[in-house]
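# Survey of secondary and tertiary structure
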Amino acid sequence: MIGDELEQVRRPTGPAFADAVTFAFGDAEAQVYGLARIGLSPASEGEGRQGSALAVLFAGREPVAAIARGGLEVPGDAGWDAISLGGLSMTVGEPLREWNVAMEGDQHGFELRFEALSPPAEIAGEDPLPQAGGMAGYEQLCGVTGVVRAGGKPVEVRCLGQRGHGWGEPDWERIELARTISAWPGAGPGVALSSVRPRGSAHAEEPIWAALLDDAGTARVDDPRLSTTYDADGRQRRAGLELWVHGDEYPLRGSGEVLCGSTLDLGALRLDCAFFRWRIEGETGVGRYDVLRRA
């Protein structure tokens, strides 16, 4: 059960523990798309908490700004209710209901308000992802409003997006790659999907968690299936979804193709960050498809 108390920073369970909040949005009409993530890790001996800031902003098909900073000192009183780190800031307006996120920059950046359009869908402890080295947590479909600056030009946005809070101890000695996928159709439920592939495993053996998100509630997808087409450099270009929910006679089917994307070097890891145009049961919308893998 997800309650307001989970909006607070999670207590570390080990030296590799990470706690992160991620926001993503996409306005196809304004042709701006973005991702912002702040991560926190336990304090090292004799040092304060460490943090990381990651953000990407696209205008049209091109990335116009990016932040990828690690090893940042976290102020002692910072928490998810209010935190500013590495050019990003996040605040909770109302737990599980309203948040604000900003990316600094005179030429490129944003100030956005996210309002929950669905209850949180829980990635619970009994799911396979934590056992495979993934993150527990929850995801929410959101309405997004505010201003994006691309090339110094302010653009008002009103679109859909997603906010997620995740925590755990991902062990990249055991993980080959991790995927994060979301789809935000203009009508009908949104989709949240996460998977973690253990080293030495094939795609068919990749544990997958998925849920449908809308204002009426959330529904766990019992049998999520994902297919992906990559380019010559291994970046995701197209994808297909088949989502079987308990009690339904037929699956929810969708397909997506890349709108924009970029690759970020995160040291030991490589992030292929992309925004897709999704078509799900006749409804069209924007969403994410990220692949994080060992460099």
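Heads up: the structure comes first, above all this text.
Note that the coordinates shown come from a computational prediction; the quantities given were computed from them, not determined experimentally.

### Things to note about the side chain of Glu206
Note on placement: Glu206 falls in the loop between strand 13 (190-198) and strand 14 (208-214). A distance of 2.8 Å separates the side chain of Glu206 from the side chain of Arg197, its partner in a polar contact. Discounting chain neighbours no more than four positions away, the residues touching Glu206 are Leu177, Arg179, Ser195, Val196 and Arg197.

### Focus on the pairing of strand 5 (residues 82-85)
Burial along strand 5 is one-sided: the residues Ile83 and Leu85 are buried and none of Ala82 and Ser84 is. Taken together, the four bridges between strand 5 and strand 6 (residues 88-94) define a ladder with antiparallel strand orientation. Following the sheet pairing, Leu85 is matched in strand 6 by Leu88. Counted between consecutive antiparallel strands, the loop separating strand 5 from strand 6 contains two residues, among which Gly86 sits at a positive phi close to 60°.

### Concerning unusual backbone geometry
At Gln31, a position not held by glycine, the phi torsion is positive, near 60°. Relative to the assigned elements, Gln31 resides in the loop between strand 1 (18-27) and strand 2 (32-41). Note on Gln31: relative accessible area 45%, which makes it partly exposed. Even without a glycine there, the phi angle at Glu281 is positive, about 50°. Mapped onto the secondary structure, Glu281 falls in the loop between strand 19 (269-280) and strand 20 (283-294).

### Thoughts on the nonpolar core
Counting residues in hydrophobic clusters, the biggest one holds 32 residues, and the most contacted among them are Phe25, Phe110, Leu112 and Phe114. Per-element tally for this core: the top contributor is strand 2, with four residues.

### Structural notes on the packing of aromatic side chains
Summed over all chains, the structure comprises seven aromatic pairs. Seen in terms of ring centroids, Phe276 and Tyr289 are 5.4 Å apart; in terms of plane orientation they differ by 45°. Their pairing is tilted. Remark: Tyr289 occurs in strand 20 and Phe276 occurs in strand 19; sequence separation between them is 13 residues. For the pair Phe276 and Tyr289, one class covers both residues: buried.

Each value, and the rule that gives it
- Residues numbered from 1 in each chain as written.
- Predicted model: local features only at pLDDT ≥ 70, side-chain atom pairs only at ≥ 80, totals over all residues.
- Heavy atoms only, no water.
- Helix = DSSP H or I, 4+ residues; strand = E, 2+ residues; numbered from the N terminus.
- Polar contact = N/O pair within 3.5 Å; in protein donor to acceptor, adjacent residues only side chain to side chain.
- Contact = heavy atoms within 4.5 Å.
- Buried < 20%, exposed > 50% of the residue type's maximum accessible area, 1.4 Å probe, protein only.
- Pairing = 2+ DSSP bridges.
- Core = buried A, V, L, I, M, F, W, Y, C linked by side-chain atoms within 4.5 Å.
- Phe/Tyr/Trp six-rings, centres within 6.5 Å; stacked < 30°, edge-to-face > 60°.

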